[in-house]
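# A look at the structure
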Amino acid sequence: SGTLGTAAADSGRYFGTAVAAGRLGDSTYSTILDREFNMITPENEMKWDTTEPSRGNFNFGPADQIVNHAAAHGQRMRGHTLVWHSQLPGWVSSITDPNTLRSVMDNHITTEMNHYKGRIYAWDVVNEAFADGTGRHRGDVFQNVLGNGYIEEAFRTARAADPSAKLCYNDYNIENWSDAKTQGVYNMVRDFKSRGVPIDCVGFQSHFGTGGPPASFQTTLANFAALGVDVQITELDIAQASPTNYANTVRACMNVARCTGITVWGIRDSDSWRSQDSPLLFDAYGNKKPAYDAVLTALGGG
Ligand code: G3I
């Protein structure tokens, strides 16, 4: 019988997971990883607090472990993430001079993307830049010091650094079409496409509660895709992992031609950032849960 990765590949898609470098030595974990998944997102290792803990001092050791594992096992990589208000070192969040912050941001993007040049399928260039419940940017250091143009600046810098990588905007709570935050991100992508600002994809994190995906999820994916970008489900987990909720989520992607792949945010429930919700496809022992079979079937495999 098939695996998540091979079933997704049959329709030209990928099936990925978040990976923590510290778990690669756990053979239960790595056996499932290498059997089922053909795309990897580092869960924390490519974030700013790890990769540039002090100005100009870069540390790619933990992320290299994951990228090397992926190369050895034929898996592709999503880079996560270059510009984000969280897991941002204090030396960055305390910058108040625009010229300094612009050069620090551009240098961070350029140096990290150069290190992995040619080895990353897609980068989450900017993560979670919109405020909850609004169509406006979050008031983080980048917005407050650089103003509205910082997202565009980040994408232009990223394109110059590695023209072979797809450049994504990634966020949560943008899955329901009528939400103000969804509309804000949609308007940004439409504006970028109309002005030639380089953007190739939008990632929908899809951290769902027990209600599963919103009824409009497929509409949202289709509407963004119609702007001329790929769409991807980038951090999927669903409280209590109901098979129906997982199947509906996968079907929403399968029904949109430009939905190019799905990534779950961890392998076993015990690996999850929200482990108390048992939100993933494998239990703590590495056994497949009912949601696994529902996903495999929805991908057209099984
Ligand atoms: O590595 C340190 C360890 O040295 C220290 O002793 C320990 C004490 O707190 O913390 C460890 O770091 C933790 C890190 O995960 C690695 O385990 C951080 O505290 C913890 O905050 C961090 O959580 C991560 C979270 O992002 C941070 O915002 C989660 O693992 C990770 O799953 C989560 O992922 C995010 C995506 O990047 C963006 N979208 C939302 C998603 C879920 O929050």
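Residues numbered from 1 in each chain as written. Predicted model: local features only at pLDDT ≥ 70, side-chain atom pairs only at ≥ 80, totals over all residues. Heavy atoms only, no water.

### Notes on the site of the ligand
For the ligand, the set of nearby residues contains 14 residues, the closest of which are E43, K47, H80, E128 and E235. Separating a nitrogen atom of the ligand from a side-chain N or O atom of Q205 is a distance of 3.0 Å. With respect to the ligand, the side chain of E235 contributes an N or O atom lying 2.7 Å from a nitrogen atom. Taking 780 Å² as the accessible area of the ligand by itself, protein coverage stands at 45%. Classifying every residue of the shell around the ligand by side-chain character gives three nonpolar, seven polar and four charged. (Near = heavy atom within 4 Å. Polar contact = N/O pair within 3.5 Å; in protein donor to acceptor, adjacent residues only side chain to side chain. Areas by Shrake-Rupley, 256 points an atom, 1.4 Å probe, with all protein chains shown as cover. Nonpolar A, V, L, I, M, F, W, Y, C, P; charged D, E, K, R; others polar.)

### With respect to helix 9 (residues 180-195)
Given a rise of 1.5 Å per residue, 16 residues ought to cover 22 Å, and the 23 Å separating the end C-alpha atoms of helix 9 matches this to within 8%. Of the residues trailing helix 9, G196 is marked for its positive phi of about 75 degrees. (Helix = DSSP H or I, 4+ residues; strand = E, 2+ residues; numbered from the N terminus. Expected span 1.5 Å × (residues − 1).)

### A word on the packing of aromatic side chains
Inspection of the entire model under this criterion finds 16 aromatic pairs. Consider the rings of F60 and Y116, whose centres lie 5.6 Å apart with planes at 80 degrees: the pair is edge-to-face. Taken together, the residues F60 in the loop between helix 3 (48-51) and helix 4 (61-72) and Y116 in the loop between helix 6 (98-115) and strand 4 (122-127) connect sequence positions 56 residues apart. Considered together, F60 and Y116 belong to a single accessibility category, that of buried residues. Relative to Y150, the ring of F142 lies with its centre 5.8 Å away and its plane at 25 degrees, an arrangement referred to as stacked. Judged on exposure class, the residue F142 and its partner Y150 are both buried. Counting every residue linked through ring pairs, the aromatic cluster contains W177, Y186, F204, F208, F217 and F224. (Phe/Tyr/Trp six-rings, centres within 6.5 Å; stacked < 30°, edge-to-face > 60°. Buried < 20%, exposed > 50% of the residue type's maximum accessible area, 1.4 Å probe, protein only.)

### What to know about the pattern of salt bridges
Throughout the structure, instances matching the rule amount to 16 salt bridges. The shortest N-O distance in the salt bridge between R23 and D271 comes to 3.0 Å. Of the two residues, R23 is situated in the loop between strand 1 (14-19) and helix 2 (27-36) and D271 in the loop between strand 9 (259-264) and helix 12 (290-298); the sequence distance between them amounts to 248 residues. The salt bridge involving R156 is made with E152; its shortest N-O contact spans 3.0 Å. Of this pair, R156 and E152 both sit in helix 8 (residues 150-161), separated by four residues, roughly a single helical turn. (Salt bridge = Lys/Arg side-chain N within 4 Å of Asp/Glu carboxyl O.)

### A closer look at the UniProt feature "active site" (unreviewed entry) in the chain
Mapped onto this numbering, the UniProt entry gives "active site" (unreviewed entry) at E235. Relative to the elements of secondary structure, E235 occurs in strand 8 (residues 230-238). A relative accessible area of 5% means that E235 is categorised as buried. Those residues within four positions of E235 in sequence are excluded, and the remaining contacts are H80, N170, F204, Q205, S206, H207, T263 and W265. (UniProt positions renumbered as here; feature names shortened; annotations may be inferred. Contact = heavy atoms within 4.5 Å.)

### Remarks on the nonpolar core
If you look at the biggest cluster of nonpolar residues, it comprises 94 residues, and the most contacted ones within it are F15, V126, F142, F155, Y246 and L281. Beyond its immediate stretch of four places on either side in the chain, L281 contacts L4, F15, Y246, V264, I267, N287, K288, K289, A291, Y292 and V295. Counting six residues, the second largest nonpolar core, distinct from the first, contains Y14, Y121, C168 and C201. (Core = buried A, V, L, I, M, F, W, Y, C linked by side-chain atoms within 4.5 Å.)

### Structural notes on the state of the cysteines
Under the defined criterion, the tally for this structure stands at two disulfides. Here C168 pairs with C201 through a disulfide, and the sulfurs are 2.0 Å apart. Disulfide C168 to C201: torsion about the S-S bond roughly -85 degrees, handedness left-handed. Of this pair, C168 sits in strand 5 (residues 166-171) while C201 sits in strand 6 (residues 201-204), and the two are 33 residues apart along the sequence. (Disulfide = S-S within 2.5 Å.)

### A word on the pairing of strand 9
Most of strand 9 sits out of view: six of its six residues are buried. Inspection of the sheet shows strand 1 paired to strand 9 by four bridges, in the parallel sense. Bridge pairing in strand 9 places F15 opposite I262. Where strand 8 and strand 9 come together, four bridges link them in parallel fashion. Residue pairing in the sheet places L236 in a bridge with V264 of strand 9. As for the winding sense of the linkage, the β-α-β connection from strand 8 through helix 11 (residues 243-254) to strand 9 is right-handed. (Pairing = 2+ DSSP bridges. Right-handed = clockwise from strand over helix to strand, strands pointing away.)

### Notes on the layout of surface pockets
Size it by volume and the largest pocket reaches roughly 190 Å³. As for the largest pocket, its lining consists of 14 residues, of which K47, W84, E235, W265 and W273 are closest to the centre. For the lining of the largest pocket, the residue count by class is four nonpolar, six polar and four charged. (1 Å grid on protein atoms, 1.4 Å probe; cavity = no way out; pocket = protein on both sides within 12 Å on 5 of 7 lines; lining within 4 Å. Points joined across faces, edges and corners; volume = space filled by probe spheres on them.)

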